[in-house]
Amino acid sequence: MKIYKAKDYEELSRKAASIIASQVLMKPDCVLGLATGSTPIGTYKQLIEWYNKGDLDFSSVKSVNLDEYRGLTRDNDQSYYYFMYNNLFKHININMDCTNVPDGTQSDSDKECSRYEDVIKSLGGIDLQLLGLGHNGHIGFNEPDEEFAKTTHCVNLTQSTIEANKRFFASIDEVPKQAYTMGIGTIMKAKKILLVVSGSDKAQILHDVLSGPVTPHVPASVLQLHNDVIVVADEAAMAKF
Ligand code: F6R
């Protein structure tokens, strides 16, 4: 595992973007595993800037996203598809037919989850998976549990996640109660993993993830077992090291 300590969020974003950019330069038709959330936004902005300068070409890149709320349509401004489109895809020359996000409108969850696993397999697996880190150690929507989930599956959102998300919706009843997410097994099959972590509020969990025991109670701790992980964290998130 390589750990890069960045001075601040801006430097973290440049470092993370440069790792993704090298992947795209070395393998123009690579499969990028992408994440939503606040942490990767700066990384995406930096990639867009380099694309606008003519330094990057995404025309052959394929992408698979980690997760999506069940029940939200793509045009819902809280859907992860909407997030990806507005924070990255619409600004670069990626072929939208080569981007993949679980389909939240598919009510048959088993069917949608196995379709999504098949999509990843048919692409030949993920070359580089970008991950953010939840305060409880979650990656994707893999929350602390008794065991590591293997493949893409449907999760029931915890009451605390529903409560935390209600600020984005007109009322709590509109907050999705479930989501589709890649499993820990799906994530661990990625050839390379890039974990981005920012802020003092993530310092304790980052310490647990990197230095604590590998346990499904801290889902990201499983990354200790992957042979090609790069962590890019800012000084605030690295405070416990
Ligand atoms: C996003 C995702 C989540 C986030 C995590 C951290 O697709 O799967 O696991 O990466 O919740 O979110 P932020 O970056 O907002 O702290």
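Predicted, not measured: the structure shown is a model, and the values here were computed from it.

Reading the values: rules and limits
Residues numbered from 1 in each chain as written. Predicted model: local features only at pLDDT ≥ 70, side-chain atom pairs only at ≥ 80, totals over all residues. Heavy atoms only, no water. UniProt positions renumbered as here; feature names shortened; annotations may be inferred. Polar contact = N/O pair within 3.5 Å; in protein donor to acceptor, adjacent residues only side chain to side chain. Helix = DSSP H or I, 4+ residues; strand = E, 2+ residues; numbered from the N terminus. Buried < 20%, exposed > 50% of the residue type's maximum accessible area, 1.4 Å probe, protein only. Contact = heavy atoms within 4.5 Å. Axes fitted to C-alpha atoms, helices over the stretch in contact; angles between N-to-C directions. Nonpolar A, V, L, I, M, F, W, Y, C, P; charged D, E, K, R; others polar. Pairing = 2+ DSSP bridges. Arc of directions from axis to C-beta.

1. Comments concerning the UniProt feature "active site" (unreviewed entry) in the chain
Step number 1: As annotated in UniProt, the feature "active site" (unreviewed entry) corresponds to Asp-67, Asn-136, His-138 and Glu-143 in the numbering used here.
Step number 2: For Asp-67, the side chain forms a polar contact with the main-chain nitrogen of Phe-141, separated by 3.5 Å.
Step number 3: Positionally, His-138 belongs in the loop between β6 (128-132) and β7 (153-156).
Step number 4: Classification of His-138 as partly exposed rests on a relative accessible area of 21%.
Step number 5: Ignoring anything within four residues of it in the chain, the contact list for His-138 reads Gly-132, Leu-133, Glu-143 and Pro-219.

2. Considerations on the packing of helix α2 (residues 41-52) against helix α3 (residues 80-87)
Step number 1: Remark: α2 packs on α3, axes separated minimally by 10 Å, with the N-to-C direction vectors making an angle of 40°. Contacts between α2 and α3 involve Ile-41, Tyr-44 and Ile-48 from the former and Phe-83, Met-84 and Asn-87 from the latter.
Step number 2: Class assignment of the residues belonging to the contact of α2 with α3 gives a composition of five nonpolar, one polar and no charged.

3. With respect to the sheet that holds strand β5 (residues 99-100)
Step number 1: Pairing is parallel in the open sheet, where seven strands are placed in the order β1-β10-β9-β6-β2-β3-β5. Across the chains shown, the open sheet's two edge strands, defined by having one partner strand only, are β1 (2-6) and β5.
Step number 2: Looking at chain direction, β1 and strand β10 (residues 229-234) are connected through five bridges and run parallel. Across the sheet, the residue bridging to Lys-2 is Ile-230, located in β10.
Step number 3: Its contacts with the sheet place helix α1 (residues 9-26) against β1, β2 (31-34), β6, β9 (192-197) and β10, and it is angled at close to 155° to β10.
Step number 4: Strand contacts of helix α4 (residues 109-122): β3 (62-65) and β5, with the helix running at about 150° to β3, the strand carrying the most contacts.

4. Things to note about the side chain of Ser-109
Step number 1: Within the secondary structure, Ser-109 sits in helix α4.
Step number 2: Those residues in contact with Ser-109 that sit more than four places away from it in its chain are Arg-70, Cys-154 and Tyr-180.

5. Let's talk about the environment of Gly-125
Step number 1: Tracing the sequence through the fold places Gly-125 in the loop between α4 and β6.
Step number 2: Placed 15 residues apart in sequence, Gly-125 and Gly-140 show a C-alpha to C-alpha distance of 17 Å.

6. A few points about the side chain of Thr-152
Step number 1: Topologically, Thr-152 is positioned in the loop between β6 and β7.
Step number 2: Since its relative accessible area comes to 6%, Thr-152 is described here as buried.
Step number 3: At 2.7 Å, the side chain of Thr-152 forms a polar contact with the side chain of Glu-117.
Step number 4: If sequence neighbours within four positions are ignored, Thr-152 has contacts with Cys-113, Tyr-116, Glu-117, Thr-181, Met-182, Gly-183 and Thr-186.

7. Points about the sheet that holds β7
Step number 1: Spatial ordering of the open sheet is given by β4-β8-β7, a layout of three strands whose pairing is antiparallel. Looking along the sheet, the strands with just one partner apiece sit at the ends: β4 (67-69) and β7. This sheet shows a mean twist of 25° between the axes of neighbouring strands, independent of strand direction.
Step number 2: Sheet analysis places β7 next to strand β8 (residues 178-181), joined by four bridges and oriented antiparallel. From the neighbouring strand, His-153 faces β8, where its bridge partner is Thr-181.

8. Observations regarding helix α7 (residues 203-211)
Step number 1: All of the buried residues in α7 are Ala-203, Ile-205, Leu-206, Val-209 and Leu-210. Along the long axis of α7, the arc covered by the buried residues comes to 165°, so they all point the same way.
Step number 2: For α7, the elements touching its buried residues are β1, β9 and β10.

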